[in-house]
Amino acid sequence: MIAAGLARWALLGAALTAAAQGVASAADAPASPITIELGRRLFYDADLSINGTMACATCHEQHRGFADGNRTHPGALDHPGKRNVPGLQNVAQLHHFTWASRATTDLEHQAETPLLGQRPIEMGMTEAVLAPRLKASACYTKMFAAAFPEKNGEISLTTATQALASFERTLVSYEAPYDQAKRGGAPLSAEAEAGRAIFDGKGGCRVCHSGDNFTDDAFHALEPAAAGDRGLADETGRAEDSGLFRTPGLRNVALTAPYFHDGKAPTLAEALRRHGLALSEAETGALAAFLESLTDRSFLADPRFSLPDAACPL
Ligand code: HEC
Ligand code: HEC
């Protein structure tokens with residue numbers, strides 16, 4: 001059983017090497033299957049929060065493309081969340097992480113924000129608590145040893161976030177009806193096809209929602225900044241960055257209501273209205289049908305990304 005599990009990861013590792021190459025920094029060796037499996041275990045482990053109540057997966061739910069269904073999600077100590085939880089499919093293709101940051105440009109450092117961040121407090125963890133807690137687990141001791149032989153199995157914030165990032169790089173989703181139609185498979189419905197034409201054409205959506213992941217990975221202001229969240233200006237302190245948010249990717253977007261950085265748009269139709277575009281009801285309906293064709297059911301149910309077995313794989 002254990003061997004079969006690892007064989008599965010070996011296959012995945014080989015398939016992903018190419019996808020990861022474009023984004024991994026020069027220092028990043030391709031992750032081994034056991035590093036990815038360790039990252040998955042950490043991602044689903046509530047012991048990564050200070051009081052054992054909250055895992056990464058508490059906010060990032062696989063069946064919603066690793067987003068959730070809330071406007072914002074309170075942290076482990078019940079501090080209110082600041083922003084809507086984004087999905088994580090194809091996250092390794094991005095260069096700017098979160099809704100409004102130029103500074104967070106790799107997944108390893110991004111993971112420190114939910115773990116240790118104070119504004120808002122999400123998992124409420126500290127480095128001083130994290131390492132001893134993981135070291136107390138016989139399973140983690142074996143897994144870190146197998147994942148990081150060159151570091152003598154070091155169990156630390158650095159290796160934990162490295163494993164988490166390795167798992168996140170495997171979250172690849174390109175099997176939606178949209179992708180299949182593009183590759184010559186079953187065509188989209190007439191309504192979704194009409195929506196695609198508006199999206200690529202007169203709707204102008206592609207200007208910002210560009211590329212395979214429907215984002216230019218750049219910052220735009222669709223509305224004036226609200227008092228509690230000035231977008232990129234909260235990081236840079238520059239008035240001209242006020243109200244700027246990164247264009248979100250749109251894969252699996254039909255499952256991640258409510259929308260926008262503040263979760264204020266309860267439906268896709270409302271998210272489109274908030275762009276200030278003059279769209280007829282029929283156009284809005286067609287665009288929504290197109291956006292639904294970006295839902296990748298195989299990704300949402302892929303056992304490689306789901307809660308791991310409680311039994312230690314080693
Ligand atoms: C309390 C809910 C919560 C928890 C727990 C949480 N996240 Fe998040 N995550 C968010 C929110 C909200 C954002 C967007 C933050 C922002 O834009 O300021 C986010 C953003 C991200 C992003 C950036 C995605 C993108 O599109 O740029 C990644 C990657 C991520 N989280 C990974 C993780 C990992 C790994 C963990 C566990 C160590 C984790 N998250 C735990 C709520 C959470
Ligand atoms: C000028 C760039 C730009 C254009 C053009 C644009 N968008 Fe957006 N879109 C954004 C940004 C930026 C956000 C996030 C805004 C925020 O949270 O404040 C967004 C958010 C969205 C969301 C919500 C996603 C989520 O996860 O919350 C959807 C759906 C969406 N856009 C669809 C479209 C469609 C369809 C069109 C064409 C009719 C379009 N957009 C045109 C930049 C753009």
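Scoring rules and cut-offs
Residues numbered from 1 in each chain as written. Chains lettered and ligands numbered in written order. Predicted model: local features only at pLDDT ≥ 70, side-chain atom pairs only at ≥ 80, totals over all residues. Heavy atoms only, no water. UniProt positions renumbered as here; feature names shortened; annotations may be inferred. Helix = DSSP H or I, 4+ residues; strand = E, 2+ residues; numbered from the N terminus. Buried < 20%, exposed > 50% of the residue type's maximum accessible area, 1.4 Å probe, protein only. Contact = heavy atoms within 4.5 Å. Near = heavy atom within 4 Å. Polar contact = N/O pair within 3.5 Å; in protein donor to acceptor, adjacent residues only side chain to side chain. Nonpolar A, V, L, I, M, F, W, Y, C, P; charged D, E, K, R; others polar. Donors = N, O, S within 2.8 Å, 3.2 Å for Na, K, Ca; no water. Tetrahedral: all angles 85-135°; square planar, octahedral: opposite > 155°, others 65-115°. Domains from an automatic or database assignment. Buried area = accessible area lost by both parts, 1.4 Å probe. Salt bridge = Lys/Arg side-chain N within 4 Å of Asp/Glu carboxyl O.

- The protein has the name Cytochrome c peroxidase in an unreviewed UniProt entry, where Rhodoblastus acidophilus is given as its organism.
- What the UniProt record of the protein gives under Subcellular location (unreviewed entry) is the line "Periplasm".

1. Some words on the environment of Asp47
Then step 1. Topologically, Asp47 is positioned in the loop between helix H2 (33–43) and helix H3 (56–59).
Then step 2. On the basis of relative accessibility, which here comes to 38%, the residue Asp47 falls in the partly exposed class.
Then step 3. Between the C-alpha atoms of Asp47 and Leu244, which are 197 residues apart in sequence, the distance is 34 Å.
Then step 4. Discounting chain neighbours no more than four positions away, the residues touching Asp47 are Gly52, Met125 and Arg133.

2. So, the site of ligand 2
Then step 1. Around ligand 2, the surrounding shell holds 22 residues, and the nearest of these are Cys205, Cys208, His209, His261 and His275.
Then step 2. Phe260 has a polar backbone atom sitting 2.8 Å from an oxygen atom of ligand 2.
Then step 3. Within the side chain of His261, an N or O atom sits 2.7 Å from an oxygen atom of ligand 2.
Then step 4. Of the residues that constitute the shell around ligand 2, the class distribution is 15 nonpolar, 7 polar and no charged.

3. Considerations on the site of ligand 1
Then step 1. Around ligand 1 there are 25 residues in total, and Cys56, Cys59, His60, Thr98 and Arg246 lie nearest to it.
Then step 2. Taking His60, its side chain carries an N or O atom lying 2.9 Å from a nitrogen atom of ligand 1.
Then step 3. When residues of the shell around ligand 1 are traced back to their parent elements, those giving at least two are H3, helix H4 (107–116) and helix H7 (157–168).
Then step 4. Looking at the shell around ligand 1, the element that brings in the most residues is H4, giving 4 residues.
Then step 5. Classifying every residue of the shell around ligand 1 by side-chain character gives 16 nonpolar, 5 polar and 4 charged.

4. So, the coordination of the iron atom of ligand 2
By definition of the ideal shapes, four donors in a tetrahedron about a metal sit 109.5 degrees apart, and six donors in an octahedron sit 90 or 180 degrees apart.
Then step 1. Taken together, the protein ligands of the iron atom of ligand 2 are His209 (NE2) and His275 (NE2), with distances of 2.0 to 2.1 Å.
Then step 2. Here the iron atom of ligand 2 binds 6 donor atoms, and the angle range of 87 to 180° at the metal identifies the geometry as octahedral. Remark: His275 occurs in the loop between helix H11 (268–273) and helix H12 (281–292) and His209 occurs in the loop between helix H9 (190–200) and strand S1 (219–220); sequence separation between them is 66 residues.
Then step 3. Here His275 falls in the partly exposed class, since its relative accessible area comes to 27%.

5. So, the coordination of the iron atom of ligand 1
Then step 1. A lone protein donor binds the iron atom of ligand 1: His60 (NE2), at 2.1 Å.
Then step 2. Residue position: His60 is located in the loop between H3 and H4.

6. With respect to the side chain of Asp262
Then step 1. Checked against the element boundaries, Asp262 lands in the loop between strand S2 (245–246) and H11.
Then step 2. A polar atom in the side chain of Asp262 sits 3.1 Å from the backbone nitrogen of Lys264.
Then step 3. Setting aside residues up to four positions removed in sequence, Asp262 forms contacts with Arg71 and Arg274.

7. Details of the domain arrangement of the protein
Then step 1. Domain annotation of the protein identifies domain 1 (2–172 + 300–305) and domain 2 (177–295).
Then step 2. If you average the C-alpha positions of domain 1 and of domain 2, the two centres end up 26 Å apart.
Then step 3. Every contact between the two is made by 25 residues of domain 1 and, on the other side, 26 residues of domain 2.
Then step 4. Carbon and sulfur atoms make up 50% of the surface buried where domain 1 meets domain 2, a total of about 2,100 Å² over both sides.
Then step 5. In terms of surface lost to domain 2, no three residues of domain 1 exceed Arg71, Trp99 and Arg102, which account for 29% of the buried area on that side.
Then step 6. Counting the contacts that link domain 1 with domain 2 gives 2 salt bridges.
Then step 7. Viewed at the interface, domain 2 and domain 1 are joined by 15 residue pairs in polar contact (both at pLDDT 80 or more).
Then step 8. Here the residues of the side of domain 1 that touches domain 2 are counted per class, giving 7 nonpolar, 12 polar and 6 charged.

8. A look at the UniProt feature "binding site: heme c 1" (unreviewed entry) in the protein
Then step 1. Under the present numbering, the feature "binding site: heme c 1" (unreviewed entry) in UniProt falls on Cys56, Cys59 and His60.
Then step 2. Tracing the backbone shows Cys56 in helix H3.
Then step 3. Its relative accessible area of 13% is what places Cys56 among the buried residues.
Then step 4. When residues no more than four places from it in sequence are discounted, the contact partners of Cys56 are Phe43, Met123 and Leu164.
Then step 5. With a relative accessible area of 18%, His60 lands in the buried category.
Then step 6. The residues touching His60, leaving out its near neighbours within four places in the chain, are Phe43, Phe66, Ala67, Val85, Pro86 and Leu88.
Then step 7. A distance of 2.8 Å separates a polar side-chain atom of His60 from the backbone oxygen of Phe66.

9. Things to note about the environment of Phe97
Then step 1. Tracing the backbone through its elements, the reader meets Phe97 in the loop between H3 and H4.
Then step 2. You can call Phe97 buried: its relative accessible area is 5%.
Then step 3. Along the chain, Phe97 and Pro313 lie 216 residues apart, while their C-alpha atoms are 31 Å from each other.
Then step 4. Sequence-distant contacts of Phe97, that is, excluding residues within four places in its chain, are made with Val91, Thr104, Thr105, Asp106, Leu107, Gln110 and Arg246.

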